[in-house]
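Architecture at a glance
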Amino acid sequence: MPSTDGVIIKKVLPIIYVIDTSGSMSGERIATVNAAMRECEQVLRDKASDSPDNELKIGALTFSSGAEWLTKTGLVSLEDFYWNDAKAGGVTDLGAALNELNDKLSRSAFLKSETGCCVPVIIFMSDGCPTDSWEKSLAKISAENRWFASARKIAIAIGEDADTDILKKLVGNVEAVVRSNDLETLQKLIVAVSASASMLAGKSRLANDEASGGEILDNALTEVEGDVEIEKDTAPVDEPAPAPVDTGDGWSDDDWS
Amino acid sequence: MAIFEKGTVIKTEFGAPIEIVSYIAGGGQGDVYVVNYNGKRKALKWYKAGVMRDPDAFYKNLKRNAEHGSPDKAFLWPDAVTEHRDGTFGYIMDLRPEGYYELGKLLGSPKYNFKTFKAATDACLKIVSAFRILHNNGYSYQDLNDGNFFINPDTGDVRICDNDNVAPNGTSTGILGKPRYMAPEIVVGGGKVLPDTNSDRYSLSAILFLILFLSHPLEGKRWLVPCLTDALAEKLYGSEALFICDPKDSSNGPVRNIHTNLLNRWGFMPDYLKDMFLKAFSKEVLFTPGRRIAEVDWLKVLVRFRSDIVNCSCGNETFIQNAATTKCDRCGKNVVVTNVLGLPAYDMTAAKGSRIYRCQVGICNADEALDPVMAVVAKPTGELGLKNMTSLVFNATTPSGKSKQIAPQDIIPFIPGIKIEAYGKTVELK
Ligand SMILES: Nc1ncnc2c1ncn2[C@@H]1O[C@H](COP(=O)(O)OP(=O)(O)OP(=O)(O)O)[C@@H](O)[C@H]1O
Ligand SMILES: [Zn+2]
């Protein structure tokens, strides 16, 4: 008889954190984000290690004066995911982060996999206003990078100064932005959003719902108590993101028809 | 998140107390606790407020299911529904026994693999049999997936949970199902086509395939796309669904070094079993919900397969071919099949431990399909006998034409030529 050993083959589910580490994040804010990410290590291992639905892989990109991957060599699997504290200081180069994403969200970079990937989840966290020419970078990545365009994107606005209009543009108006004004809620929110993102594929669907960043957030919010200010605006953003085009970067053969 | 403290008492709709003992875990729709109820340890599922589309209809359905009682002991069926509290409610069911794990874990983690193919086959049998009874009682399950089954990987015993979406066939609780387990018509239905018995039967076939082949029936070459977007998933599991083993169209076929489970196992399996999967996932059946494989047809091939899994003296489970002596694929020795049982539809391997089930002889009711009718037993010398496992007396004819009777529990020597009349059919010893 054949061996009874083995596991079902799985696609990779990339969860990518894009974290603002500018000067305004220093002190309690960055400490809270670090604490939340350390909690995520355990929570994701508990929830997702034996998942038959996909194999979770984590990426983390920070941006301040420039952008830098904490996971330098690529996405890491859960057993290798240990959070190294991010430090804050500098300005808010969101555009640099988007350029980095554009570079690495590719089959020839971070999204290399024999079995292919599920739609990536990108979780943005920011407490301020970008200082660089982020709009150009957003237009570029939205137009060029289908991974980014198709990703389920969620943004967590930290504190009152975070510009949710910008975050809305970043994640697209049908997706999800949430603001948290106190640190305790922030920590819970980061953990709940991560857990919810990891379990989306395992969830049974109801009539008329869709697997969007918005749904990841809704599921997370039912887990979180406290005053979370939800801004899920369905009003269109000023400039709709341009339709993605094929650039040949791995995606032109995404279809078999 | 636990919202009830240990010691909190809630009540059933009739006022009986339910005392919280401990928290087990949370899921998308709610939390599960260990409770004391009616002098016993039970499980309480407590829904989160606000997650249901129509909580009143859901409550009514749950209540009706509890009143009707469990159709089969494999179901962790609602015993009682609770009162409303803080805008929501829950229900009581049996606890999952020790040593049982979610099917998803068995598929997703090497720690929980089935010990043997006999155990895997037994799990399939239990699942199919339970769904046969459920469907025959007029229910559809609606949300069949790898999270609904608690399975003991050593024995193949099964408990079916999440029975809260079970509803009379044709009614809807708002659930569509879990991605990768939904039938093609549900996937492409845009929320307008709702689950029923036929879509249950698709999901059931997928579950059986996953258990026996450790592979998803539709996740072949096409599934390996760089990014499985929602649009591609809708084609793969819906509008362009194509079996990984489709004999006429290999465009979604298995890929060497990737689909290794499937490639390792497919060749070993007997044709009658493969044929059933080929039929279940043929384009015709995939896209014609009314033609889905009925549970009884699965039962027939699964009991046959079970009897063809015979332990070699080296310990290896050998799959017997054509009910004849087969070489063990591990040690190379022959696993000798000296005798077969001529059933109405086919010859079945007769080895120690082989069983004839009720569904193998003539038409039967859902709840008796897996009742053993006869079992092959052996003396320490190896000499085979056949035991009557029913409470009926069977008439038999010896090779020389004499009539004999086989009383319940009686064992007759396994002599080729004996013919036994059972349920209007003949079983011949060969
Ligand atoms: N009868 C039971 N005995 C013991 N544990 C149980 C029982 N029923 C459910 N559980 C456990 O409780 C947890 C949540 O249960 P369940 O799957 O019913 O939640 P859910 O809200 O339907 O979640 P999901 O949306 O993920 O299906 C799971 O870990 C499950 O294994
Ligand atoms: Zn052997």
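Residues numbered from 1 in each chain as written. Chains lettered and ligands numbered in written order. Predicted model: local features only at pLDDT ≥ 70, side-chain atom pairs only at ≥ 80, totals over all residues. Heavy atoms only, no water.

**A closer look at the environment of Thr21(A)**
Residue and element names in this part refer to chain A. Residue placement: Thr21 occurs in the loop between strand 1 (12-20) and helix 1 (28-48). In the structure, Thr21 is positioned 66 residues away from Lys87 in sequence and 6.5 Å away in space, judged by C-alpha atoms. Among all residues touching Thr21, those that are not within four sequence positions of it are Ile30, Thr62, Phe63, Ser64, Ala86, Lys87, Ala88 and Gly89. (Helix = DSSP H or I, 4+ residues; strand = E, 2+ residues; numbered from the N terminus. Contact = heavy atoms within 4.5 Å.)

**Focus on helix 8 (residues 271-280) of chain B**
If you check which residues of helix 8 of chain B are buried, you get Tyr272(B), Leu273(B), Lys274(B), Met276(B), Phe277(B) and Ala280(B). Where helix 8 of chain B is buried, its residues contact helix 5 (197-213), helix 7 (260-266), helix 9 (283-287) and helix 10 (295-307) of chain B. (Buried < 20%, exposed > 50% of the residue type's maximum accessible area, 1.4 Å probe, protein only.)

**Overview of the coordination of the zinc ion (ligand 2)**
Residue and element names in this part refer to chain B. Protein-derived coordination of the zinc ion (ligand 2) comes from Cys312 (SG), Cys314 (SG), Cys328 (SG) and Cys331 (SG), at a distance range of 2.2 to 2.4 Å. Each of the four donor atoms around the zinc ion (ligand 2) contributes to a set of angles spanning 104 to 114 degrees, which defines the coordination as tetrahedral. Given the relative accessible area of 35%, Cys331 is considered partly exposed. (Donors = N, O, S within 2.8 Å, 3.2 Å for Na, K, Ca; no water. Tetrahedral: all angles 85-135°; square planar, octahedral: opposite > 155°, others 65-115°.)

**Here we look at the packing of helix 6 (residues 183-199) of chain A against helix 7 (residues 213-223) of chain A**
Residue and element names in this part refer to chain A. Look at helix 6 against helix 7: their axes get within 8 Å of each other, and the N-to-C directions meet at 130 degrees. In terms of orientation, helix 6 lies oblique with respect to helix 7. For the pair helix 6 and helix 7, the sense of crossing is right-handed. Residues Leu189, Ala192, Val193, Ser196 and Ala197 of helix 6 form the contact with helix 7, whose own contacting residues are Ile216, Leu217, Asn219, Ala220, Leu221 and Glu223. Within the contact of helix 6 with helix 7, the residues separate by chemical class into eight nonpolar, two polar and one charged. (Axes fitted to C-alpha atoms, helices over the stretch in contact; angles between N-to-C directions. Parallel < 35°, antiparallel > 145°, perpendicular 65-115°, else oblique. Left-handed = near helix turned anticlockwise from the far one by under 90°. Nonpolar A, V, L, I, M, F, W, Y, C, P; charged D, E, K, R; others polar.)

**Quick word on the sheet that holds strand 26 (residues 419-422) of chain B**
Residues and elements named next belong to chain B. Taken in spatial order, the six strands make up an open sheet running 19-18-27-26-23-24, and their pairing is antiparallel. This sheet does not close on itself; its edge strands, each paired only once, are strand 19 (347-350) and strand 24 (403-406). Averaged over all pairs of adjacent strands, the angle between strand axes in this sheet comes to 25 degrees, irrespective of strand direction. In terms of strand pairing, strand 18 (residues 339-342) meets strand 19 through four bridges, oriented antiparallel. (Pairing = 2+ DSSP bridges.)

**Re the interface of chain B and chain A**
Between chain B and chain A, the contact holds 57 residues from the first and 46 residues from the second. A buried area of about 4300 Å², summed over both sides, lies between chain B and chain A, and 57% of it is on carbon and sulfur atoms. Inspection of the region where chain B meets chain A yields three salt bridges. Between Arg152(A) and Asp230(B) there is a salt bridge, and its shortest N-O distance comes to 2.9 Å. One can count 15 residue pairs in polar contact (both at pLDDT 80 or more) joining chain B with chain A. The set of elements that each furnish at least two residues to the side of chain B that touches chain A consists of helix 2 (103-108), strand 12 (175-177), strand 13 (227-228), helix 6 (230-239), helix 7 and strand 15 (317-319) of chain B. Residues that form the side of chain B that touches chain A fall into these classes: 24 nonpolar, 17 polar and 16 charged. For strand 5 (residues 117-118) of chain A and strand 13 of chain B, the ladder comprises two bridges, and the chain directions are parallel. Note on strand 13 of chain B: the bridge partner recorded for Cys117(A) is Cys227(B). (Buried area = accessible area lost by both parts, 1.4 Å probe. Salt bridge = Lys/Arg side-chain N within 4 Å of Asp/Glu carboxyl O. Polar contact = N/O pair within 3.5 Å; in protein donor to acceptor, adjacent residues only side chain to side chain.)

**Considering the site of ligand 1**
Residue and element names in this part refer to chain B. Around ligand 1 there are 18 residues in total, and Gln29, Lys45, Asp94, Arg96 and Asp162 lie nearest to it. Measuring from an oxygen atom of ligand 1, one finds a backbone N or O atom of Gly30 at 3.1 Å. Protein chains bury 83% of the 610 Å² of accessible surface belonging to ligand 1 in isolation. Of all the elements in the fold, those that place two or more residues in the shell around ligand 1 are strand 2 (17-26), strand 3 (30-37) and strand 4 (40-47). Ranked by residues supplied to the shell around ligand 1, first place goes to strand 2 with three residues. Among the residues forming the shell around ligand 1, the class breakdown is eight nonpolar, five polar and five charged. (Near = heavy atom within 4 Å. Areas by Shrake-Rupley, 256 points an atom, 1.4 Å probe, with all protein chains shown as cover.)

**A look at the packing of aromatic side chains**
All names here are of chain B. Per the stated rule, a full pass over the model turns up 30 aromatic pairs over all chains. Between Phe243 and Trp266, the ring centres sit 6.3 Å apart and the planes meet at 75 degrees, which makes this aromatic pair edge-to-face. In this pair, Phe243 sits in the loop between helix 6 and helix 7 while Trp266 sits in helix 7, placing the two residues 23 residues apart along the sequence. An aromatic cluster of at least three residues, connected via ring pairs, comprises Tyr202, Phe209, Phe213, Phe243, Trp266, Phe277, Phe281 and Trp298. Positioned above the aromatic ring of Tyr272 is the side chain of Arg304, whose terminal nitrogen or guanidinium carbon lies 4.0 Å from the ring centre. A cation over a ring is seen here: Arg358 above Tyr423, with NZ or CZ 3.6 Å from the ring centre. (Phe/Tyr/Trp six-rings, centres within 6.5 Å; stacked < 30°, edge-to-face > 60°. Lys NZ or Arg CZ within 6 Å of the ring centre and 35° of its normal.)

**Describing the nonpolar core**
By size, the foremost hydrophobic cluster in this structure holds 107 residues, and its most contacted members are Phe149(B), Phe277(B), Trp298(B), Leu341(B) and Ile420(B). Excluding its chain neighbours within four sequence positions, the residues that come into contact with Leu341(B) are Tyr346(B), Asp347(B), Met348(B), Ala350(B), Ile356(B), Val376(B), Leu386(B), Phe414(B), Val427(B), Glu428(B) and Leu429(B). In terms of nonpolar packing, the next biggest core, distinct from the first, is built from 44 residues, Ala60(A), Met125(A), Ile156(A) and Ala192(A) among them. (Core = buried A, V, L, I, M, F, W, Y, C linked by side-chain atoms within 4.5 Å.)

**Details of the confidence of the model for chain A**
In this model, chain A carries a mean pLDDT of 84, and residues with pLDDT of at least 70 account for 84%. Per-residue pLDDT stays below 50 along residues 233-257 of chain A; that stretch engages in 50 contacts with residues further than four places along the chain or on separate chains. (pLDDT = per-residue confidence, 0-100.)

**Brief notes about the environment of Tyr272(B)**
Residues and elements named next belong to chain B. Checked against the element boundaries, Tyr272 lands in helix 8. What makes Tyr272 buried here is its relative accessible area of 14%. Considered as a pair, Tyr272 and Gly253 are 19 residues apart in the sequence and their alpha carbons are 21 Å apart. Those residues in contact with Tyr272, other than ones at most four positions away along the chain, are Val301, Arg304, Phe305 and Asp308. Engagement of the side chain of Tyr272 in a polar contact is seen with the backbone oxygen of Arg304, the distance being 3.4 Å.

**Topic: the pattern of salt bridges**
Under the definition given, this model contains 34 salt bridges over all chains. The shortest N-O distance in the salt bridge between Arg291(B) and Glu284(B) comes to 2.2 Å. Taking relative accessible area as the criterion, Arg291(B) reaches 47% and is therefore assigned partly exposed. One salt-bridge network, held together by shared partners, links Asp53(A), Asp146(B), Lys178(B), Arg180(B) and Glu219(B).

**Remarks on the domain arrangement of chain B**
For chain B, the assigned domains are domain 1 (9-93), domain 2 (101-293) and domain 3 (310-429). For domain 1 of chain B and domain 3 of chain B, the distance between their C-alpha centres works out to 45 Å. (Domains from an automatic or database assignment.)

**Notes on the packing of helix 1 of chain A against helix 6 of chain A**
Residues and elements named next belong to chain A. Closest axis-to-axis distance for the helix 1/helix 6 pair is 9 Å, and the angle between their directions is 30 degrees. Comparing the axis directions of helix 1 and helix 6 gives the class roughly parallel. Every pair of crossing elements has a handedness; the one defined by helix 1 and helix 6 is right-handed. Its residues assigned to classes, the contact of helix 1 with helix 6 shows 14 nonpolar, four polar and four charged.

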